[in-house]
Amino acid sequence: MVYKTFDEIIARLQGNTKKSRMAVAAANDDHTLGAVKQAVEAGLVEPVLVGDKAEILKVLAEIGLEVPEADIYDEPDLAEASKKAVALINEGKADFLMKGKVDSGIYLKAVVNKENGLGKGGVMSHFTAFECEAYHKLIVPVDGGMVTYPTLEQKKAIIENTVSTMLALGYDCPKVGILACKEKLDPKMSETVEGDALKQMQLNGEIKNCIIEGPISFDCATNAEIAAFKGFESPCAGDCDILVAPNIHAGNIIGKLLTGFCNAKMGGFIVGAKCPVIMTSRGSTSEEKFLSMCLAAVASLGEK
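The structure contained in this document is the topic of the report that follows. (Residues numbered from 1 in each chain as written. Predicted model: local features only at pLDDT ≥ 70, side-chain atom pairs only at ≥ 80, totals over all residues. Heavy atoms only, no water.)

**Looking at the pattern of salt bridges**
All chains considered together, the criterion is met by 16 salt bridges. Here R21 makes a salt bridge to D71, at a shortest N to O gap of 3.1 Å. Here R21, found in strand 1 (residues 20-25), pairs with D71, found in the loop between helix 3 (53-63) and strand 3 (72-74); they are 50 residues apart in sequence, far enough to count as distant. The partly exposed category is assigned to R21, whose relative accessible area is 23%. When its relative accessible area of 16% is taken as the criterion, D71 is described as buried. Its salt-bridge partner being E80, residue K83 comes within 3.5 Å of it at the nearest N-O pair. With K83 and E80 both in helix 4 (residues 78-90) and three residues apart, the pair spans about one turn of that helix. (Salt bridge = Lys/Arg side-chain N within 4 Å of Asp/Glu carboxyl O. Helix = DSSP H or I, 4+ residues; strand = E, 2+ residues; numbered from the N terminus. Buried < 20%, exposed > 50% of the residue type's maximum accessible area, 1.4 Å probe, protein only.)

Now the structure itself:
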């Protein structure tokens, strides 16, 4: 399976008989609850809200959304609200986590807590999918949000996290491009050396369930005609599902170029944890929050 649009993700979610339960930390936020309402009315998720209950009830009344009081936990303190939302995941009362009106640092502290958090002992990375008219399917550039300057082993972990998530979404064998400014191995450029090393890991079975090409330039990874003109032959040429950026800056820039200049739709969450962990910024649009919920809901169902 390969998704061309977010509508296909939503359609798959609507086709499931079971709904994912989403724990929202510091849910007393009109933008977040607006996106929650959209997801609930579309029959996609069941919300479990944690935060200042009086404020939550006020916003729910304003937007016309009904949530059973048993699924609203009163915890005005932001740090405690984040801890409680994480605890609900660990207790099996929710399937994935959503950030509300709370600082990212406070939220993440609860997520990565070694005793009571959601870590699995490995690398956590950021998964973001984009729908762009210039490309024929969803594209996932990683990691633009978590790992700053990944080592070779961290890049391997980022690929494994991302591929695992793609499989949970329904993909069979994602195509992965290890980005560099050229397609040939150059000992003077570590990005090309690591790209080749990661390709060899996939070929020898150390990285499974995907096809890796590296090093590969962005144009060869996303445009089959350019790849053919350059004489670059690969099953990934012009057809990558995943693009592995050299560092967080490159990954972040790719994402912002897609949204800012290409009007791409996007949604994403942290992977490598016990469940999908949505961490949209306070400035994120309701659409981004909604699409992140949809992605996370499908992934959480696929992981079970």
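**Let's talk about the nonpolar core**
Judged by nonpolar contacts, the single largest core of 57 residues is most densely connected at L49, I159, L169 and V176. It is helix 11 (residues 286-302) that provides the largest number of residues to this core, a total of ten residues. In contact with L169, not counting residues within four places along its chain, are M1, Y3, I9, R12, F127, L295, V298 and A299. Counting residues in hydrophobic clusters, the runner-up holds 24 residues, among them A85, A110, M124 and C275. (Core = buried A, V, L, I, M, F, W, Y, C linked by side-chain atoms within 4.5 Å. Contact = heavy atoms within 4.5 Å.)

**With respect to the packing of helix 6 (residues 152-169) against helix 11**
Contact pair helix 6 / helix 11: the axes reach a minimum separation of 7 Å and the direction vectors enclose 85°. Between helix 6 and helix 11, the angle is such that the two are roughly perpendicular. Contacts from T165, A168 and L169 in helix 6 reach L295, V298, A299 and G302 in helix 11. Each residue belonging to the contact of helix 6 with helix 11 can be placed in one class, and the counts come to five nonpolar, two polar and no charged. (Axes fitted to C-alpha atoms, helices over the stretch in contact; angles between N-to-C directions. Parallel < 35°, antiparallel > 145°, perpendicular 65-115°, else oblique. Nonpolar A, V, L, I, M, F, W, Y, C, P; charged D, E, K, R; others polar.)

**As for the side chain of K289**
By secondary structure assignment, the location of K289 is in helix 11. Note on K289: relative accessible area 3%, which makes it buried. Leaving out residues up to four positions away in the same chain, K289 has contacts with D29, H31, T32, A35, M98, T280, S281 and S284.

**Concerning the packing of aromatic side chains**
Summed over all chains, the structure comprises two aromatic pairs. Consider the rings of F127 and F269, whose centres lie 5.4 Å apart with planes at 25°: the pair is stacked. A residue pair is termed long-range when its members are at least 10 positions apart, and F127 in strand 5 (residues 125-131) and F269 in strand 10 (residues 265-271) qualify at 142 residues. Of the two residues examined, F127 and F269, each falls in the buried class. (Phe/Tyr/Trp six-rings, centres within 6.5 Å; stacked < 30°, edge-to-face > 60°.)

**Here we look at the pairing of strand 2 (residues 45-51)**
Burial analysis of strand 2 places six of its seven residues in the buried class, the great majority of the element. Of the strand pairs in this sheet, strand 1 and strand 2 are connected by six bridges, and their pairing is parallel. When the sheet's bridge partners are listed, V24 is paired in strand 2 with L49. Handedness of the strand 1-helix 2 (residues 30-41)-strand 2 crossover: right-handed. Where strand 2 meets strand 3, three bridges bridge the pair, whose relative direction is parallel. Residue pairing for strand 3: G51 is matched across the bridge by D74. Traced from strand 2 through helix 3 to strand 3, the parallel crossover comes out right-handed. (Pairing = 2+ DSSP bridges. Right-handed = clockwise from strand over helix to strand, strands pointing away.)

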